[in-house]
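Report on the structure
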Amino acid sequence: MTGVSAISQQIWDMKYRLKSPTGEAVDKTVADTWGRIAAALAEAEAPEARAAWAERFRGPLEAFEFLPAGRVIAGAGTGRSVTLFNCFVMGTVPDEMSGIFDNLREAALTMQQGGGIGYDFSTLRPKGAPVKGVGADASGPLSFMDVWDAMCRTIMSAGSRRGAMMATMRCDHPDIESFIEAKREPGRLRMFNLSVLVTDAFMAAVRDNAPWELRFDGTTYRTVEARALWDKIMRATYAYAEPGVIFIDRINKANNLYYCESIAATNPCGEQPLPPYGACLLGSFNLARFVREPFTEAAHLDLDRLREVVPLAVRMLDNAIDVSRFPLEAQTTEARAKRRMGLGVTGLADALIMCRVRYGTPQAVALAGAWMKEIERAAYLASTELAAEKGAFPLYDKAAYLAGQTIGGLDADVRAAIAAKGIRNALLTSIAPTGTISLFADNVSSGLEPVFSFTYTRHILQPDGTRKDEEVSDYAYRLYRRMFGDKAELPSYFIDAQRLTPPEHVVMQAAIQKHVDSSISKTINVPADIDF
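Computed from a prediction, not measured in an experiment: that's the story for all the values here. Residue numbers restart at each chain and count upward from 1, following the sequence in its written direction. Given that this is a predicted model, residues contribute local features only at a pLDDT of at least 70 and side-chain atom pairs are listed and counted only at 80 or more, while totals for whole chains, interfaces and linings are drawn from all residues. By convention in this description, side-chain values take in all heavy atoms of the structure and omit both hydrogens and water.

A look at the pattern of salt bridges
Throughout this description, the term salt bridge denotes a Lys or Arg side-chain nitrogen within 4 Å of a carboxyl oxygen of Asp or Glu. Under the counting rule described, the total for this entry stands at 40 salt bridges. With its nearest N and O atoms 2.3 Å apart, the salt bridge here joins Lys 421 to Glu 385. Here Lys 421, found in helix α17 (residues 412–421), pairs with Glu 385, found in helix α14 (residues 362–390); they are 36 residues apart in sequence, far enough to count as distant. With a closest N to O distance of 3.2 Å, Arg 478 and Asp 442 form a salt bridge. With Arg 478 in helix α19 (residues 475–484) and Asp 442 in the loop between α18 (435–440) and β19 (455–461), this pair connects stretches of sequence that are 36 residues apart. As far as burial versus exposure is concerned, Arg 478 and Asp 442 are alike and both buried. Put simply, DSSP marks the helices as runs of H or I at least four residues long and the strands as runs of E at least two long, and each gets a number from the N terminus on. Relative accessibility decides the category of a residue: with a 1.4 Å probe and only protein chains considered, values under 20% of the type maximum give buried, values over 50% give exposed, and everything between is partly exposed.

Below you can see the structure in the form of structure tokens.
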């Protein structure tokens, strides 16, 4: 790996390079890694076409134009018993002891193969509720979350990564206040991200300053003031950044698959709301690699090349659904019935800088929205062509699917293509954090985030659990320095996360969000001294 930063080479060697059980390098170069992945994903094609498709897949991979998520890069073509899927939401937890621990076992198996998981704990009876037949009171969902947390701490998931989990709870569960306050206790539930499932009815009650019933299984346990409960969530978020809120009714109404699934949780980073046993593949277009004539008045994103790469990425991830292993049979069934994927972007901020546009400005908002619309449009059209060739996803219902909120927002010719040919993949777009793959891609800006810092020291987790400090510099920053010299003053469009205002973050997310059918993982930096 020549001509790229030391951190990129280290990430490749530590996380993505195939090695033998004795530590000998099988992938001699990063080109070998991409060749391994391309060949593995082409295995889903007809035997006589595999070599040709592998060669076509290699191009965008070797150019770092398209980056499959880390599970694909680390696992495809290795022969190991690992999943290529990053994101899972597990099954519905039944309110009885045997089923609870069956779910714990499923969680452990999924995390062992490298999957991050999400769970809704609203299905468990509140603390103190009677347990019929044993003469005891329930310990409540938080006590079982402690068990999950302990399990997660003991499992090193595939690729030297600690497990990650999302826990959700409905805003009307009797234990919701304990859930909101759980992380005030030092060291508790540190393997979880927490989010409250907020309903439209609750938000109406907050607006109207109305009472709010906390109930379970038809029994009201007590009544609180909705606005006071909302305030409690906000104060906890202000104090220690959790819990988040998930507007769950809106997610279900806007879901392309509203007619055949119900969502109650997300993956750990939140970019994938998923149904029970739902799984999602992720991949990102590295926009920095599509910029032509950077830092000149003619700088622009090569949309023609982007339109060529998107269909190849759709086909790669669609094939990954068929070649991937899954920890559980229920996950296999779910993934292949709906064939969802999450195509997103990385290097957005670097691409803007290279086009001489400051992140968060009206020009940046317009460009980001236009670029994401091109990806959305090309992905949906590619999926209709795949459907014509290989068949629509098994749960495709033409009338119901076309009536969906998101589909209604697509251009008329895209909707017409879906109506005529069907669609291979139920959902197609999502913006993931892309932290490690962005480093691998010569440290481009991650996801849709601004550049965090143009130069900084990063603490890299080693396979033995220790951390190593590594100096890191941004891709666009290094390119600018190569072109104009180390002493050239950085123009005003070189803006980092520390100097942006929260509204400048929000408008960028809003522009991208219009063209995302799943969700977005986004960090918004606020001043340390901001008041409540």
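What follows continues from the structure just given.
Here we look at the pairing of strand β8 (residues 165–170)
Across the six residues that make up β8, a large majority, five, are buried. Across four bridges, the pairing between strand β3 (residues 116–120) and β8 is parallel. Paired with Tyr 119 across the strands is Ala 167, a residue of β8. Note on pairing: DSSP must find at least two bridges between two strands before they are called paired. Looking at chain direction, β8 and strand β9 (residues 192–198) are connected through six bridges and run parallel. Across the sheet, the residue bridging to Arg 170 is Leu 197, located in β9.

Thoughts on the packing of helix α2 (residues 30–42) against helix α11 (residues 303–323)
The relative placement of two packed helices is expressed as an angle between their axes plus a distance between the axes. Structural elements are reduced to axes, namely lines fitted to C-alpha atoms, with helices fitted over the stretch in contact, and the angle between N-to-C directions of any two is expressed from 0 to 180 degrees. At their nearest, the axes of α2 and α11 sit 8 Å apart, and the two run at 70° to each other. Taken together, the axes of α2 and α11 are roughly perpendicular relative to one another. Contacts between α2 and α11 pair Ala 40, Leu 41 and Ala 42 from the former with Met 316, Asn 319, Ala 320 and Val 323 from the latter. Three categories are distinguished: nonpolar for Ala, Val, Leu, Ile, Met, Phe, Trp, Tyr, Cys and Pro, charged for Asp, Glu, Lys and Arg, and polar for the others, with Gly belonging to the last. Residue composition of the contact of α2 with α11, grouped by class: six nonpolar, one polar and no charged. If an angle is under 35 degrees, it is roughly parallel; if it is over 145, roughly antiparallel; if it lies from 65 to 115, roughly perpendicular; otherwise it is oblique. Contact definition: two residues touch when any of their heavy atoms are within 4.5 Å.

Quick notes on the packing of aromatic side chains
Pairing of aromatic rings covers Phe, Tyr and Trp, the last through its six-membered ring, and needs centres within 6.5 Å; plane angles under 30 degrees mean stacked, over 60 mean edge-to-face, and all others mean tilted. A complete count under the given rule lists 29 aromatic pairs for this structure. Ring geometry for Phe 101 against Phe 144: centres 6.3 Å apart, planes inclined by 75°, an arrangement best described as edge-to-face. Of this pair, Phe 101 sits in helix α5 (residues 97–112) while Phe 144 sits in helix α6 (residues 141–154); the two residues are 43 residues apart in sequence, bridging distant segments of the chain. A ring pair is formed by Tyr 480 and Phe 484, whose centres lie 4.6 Å apart and whose planes are at 40°; its orientation type is tilted. Within this pair, Tyr 480 and its partner Phe 484 are both found in helix α19, separated by four residues, close to a single helical turn. Accessibility expressed as a relative area gives 41% for Phe 484, which makes it partly exposed. Here a set of aromatic residues connected by ring pairs shows up, and it is made of Phe 295, Phe 454, Tyr 477, Tyr 480, Phe 484, Tyr 493 and Phe 494. Here, over-ring charges are defined by two tests on the NZ atom of lysine or the CZ atom of arginine: distance to the ring centre within 6 Å, and angle to the ring normal within 35 degrees. When the ring centre of Phe 532 is taken as origin, the NZ or CZ atom of Arg 235, which lies over that ring, is 3.8 Å away.

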